[in-house]
Amino acid sequence: MTRISEKIKSVQTRLSKAAGEADLPRLVAVSKTRSEQAIREAAESGLRGFGENYLQEAIPKIEGLADLNLTWHFIGSIQSNKTADIARNFDWVHTVEREKVARRLSDSRPENLLPLNLLIQVNIDDEDSKAGVSTEEIFELAERIQDLPRVKLRGLMAIPKPRADFEAQLSICRQMKHLFDQLKQQYAEIDTLSLGMSSDLEAAVQAGSSLVRIGTDIFGART
Ligand SMILES: *Cc1c(COP(=O)(O)O)cnc(C)c1O
């Protein structure tokens, strides 16, 4: 089995090829279902940001790895009775789709921590099964988040549906980039487009993603 450090190197090579002359996107390692030991190994290769989907699984890992001072990204669906635990333990939340949840995150963000960074999740393929706001709803939700004191809206996130064809991946990623650019024109603090997973990272980066979320291609297939 290829070591995690080797896999990270290979992902980094793919990222820099895809970025070309543009800025390299941030690499967030998606560590759901992975052990603390695997996360330590990835951190030894220089990764600082980790993404988790399930709160009950994430909190013991975050506590067990506190010595590493990692940055934690919540990328799972948010139950509104769990917002306080998310606000206390994470640095970023990628999956905001309701004002109520954003307000609860703001209300429970501890005063001794920096404001919690939020991304609005966009249901870019308009799938019934998928979370996220529609493209028309982005701007109203963004406006409401501006009033909340303990959170900071940093941009958008999406999980486009799987497409085998590169051009099709690129096209949907460009639609996200266009929405992101529009939002960025309205608010000074918008700087993060969270787009790209193991299977579409090249298309996402070529379209202008600034943060990719990679699980499989760093840690291997989830079992
Ligand atoms: C699991 C997951 C990823 C990582 O997917 P891979 O295909 O394993 O790279 C990225 N984003 C979200 C929201 C996920 O749930």
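Before any of the text, the structure's been laid out above.
Procedures and definitions
Residues numbered from 1 in each chain as written. Predicted model: local features only at pLDDT ≥ 70, side-chain atom pairs only at ≥ 80, totals over all residues. Heavy atoms only, no water. Helix = DSSP H or I, 4+ residues; strand = E, 2+ residues; numbered from the N terminus. Contact = heavy atoms within 4.5 Å. Areas by Shrake-Rupley, 256 points an atom, 1.4 Å probe, with all protein chains shown as cover. Expected span 1.5 Å × (residues − 1). Buried < 20%, exposed > 50% of the residue type's maximum accessible area, 1.4 Å probe, protein only. Near = heavy atom within 4 Å. Polar contact = N/O pair within 3.5 Å; in protein donor to acceptor, adjacent residues only side chain to side chain. Nonpolar A, V, L, I, M, F, W, Y, C, P; charged D, E, K, R; others polar. Patch = residues over 30% accessible without salt bridge, like charges linked within 9 Å, V, L, I, M, F, W, Y side chains within 5 Å. Salt bridge = Lys/Arg side-chain N within 4 Å of Asp/Glu carboxyl O. Lys, Arg positive; Asp, Glu negative; His and termini not counted. Charge placed at Lys NZ, Arg CZ, Asp CG, Glu CD. Arc of directions from axis to C-beta.

Asks: Any chance you could explain the overall build of the protein here in plain terms?
Replies: Across its full length, the protein holds nine helices and eight strands. Expressed along its principal axes, the backbone C-alpha trace of the protein runs to roughly 45 × 40 × 35 Å. Long-range contacts, defined as pairs at least 24 residues apart, comprise 59% of the intrachain contacts of the protein with a sequence gap of at least 6. For the protein, the accessible surface area stands at approximately 10800 Å², while carbon and sulfur atoms represent 45% of it.

Asks: Whenever I open this one, helix α7 (residues 166-186) confuses me. Can you help?
Replies: Since one α-helical turn is 3.6 residues long, residues separated by three or four positions face the same way. An ideal rise of 1.5 Å per residue puts 30 Å on 21 residues; α7 measures up with 31 Å between its terminal C-alpha atoms. Within the span of α7, buried status applies to Gln169, Leu170, Ile172, Cys173, Met176, Leu179, Phe180 and Leu183. Along its buried surface, α7 packs onto β5 (116-122), α6 (138-146), β6 (151-158), β7 (192-194) and α8 (201-207).

Asks: Is there a simple way to think about the site of the ligand in this case?
Replies: Close contacts around the ligand come from 13 residues, with Lys32, Asn53, Ser198, Gly215 and Thr216 the closest. Separating an oxygen atom of the ligand from a side-chain N or O atom of Lys32 is a distance of 2.6 Å. Residue composition of the shell around the ligand, by class: six nonpolar, four polar and three charged.

Asks: Would you mind showing me how to read a negative patch on the surface here?
Replies: There is a patch of like negative charges on the surface, built from Asp126, Asp128, Glu136 and Glu137. Summarising the element assignment, Glu137 is placed in the loop between β5 and α6.

Asks: Looking at this model, I keep getting lost on helix α5 (residues 99-108). Mind explaining?
Replies: For α5, every residue scored as buried is listed here: Val101, Ala102, Leu105 and Ser106. Take α5 and look down its axis: the buried residues cluster within an arc of 135°, on one side only. Structurally, α5 contributes buried residues whose contacts are with α4 (83-89), β4 (92-96), β5, α6 and β6.

Asks: Which parts of the structure should I look at to understand a positive patch on the surface?
Replies: Together, Arg98, Lys100, Arg103 and Arg104 line one region of the surface with positive charge. With respect to the helices, strands and loops of the structure, Arg103 is situated in helix α5. Taking relative accessible area as the criterion, Arg103 reaches 37% and is therefore assigned partly exposed.

Asks: Quick question: what am I supposed to make of the environment of Ser108 here?
Replies: If you trace the backbone, Ser108 turns up in helix α5. Residues Ser108 and Asp23, spaced 85 residues apart in sequence, show a C-alpha to C-alpha distance of 34 Å. Not counting the four nearest positions on each side in its chain, Ser108 is found in contact with Thr83, Ala84, Ala87 and Arg88.

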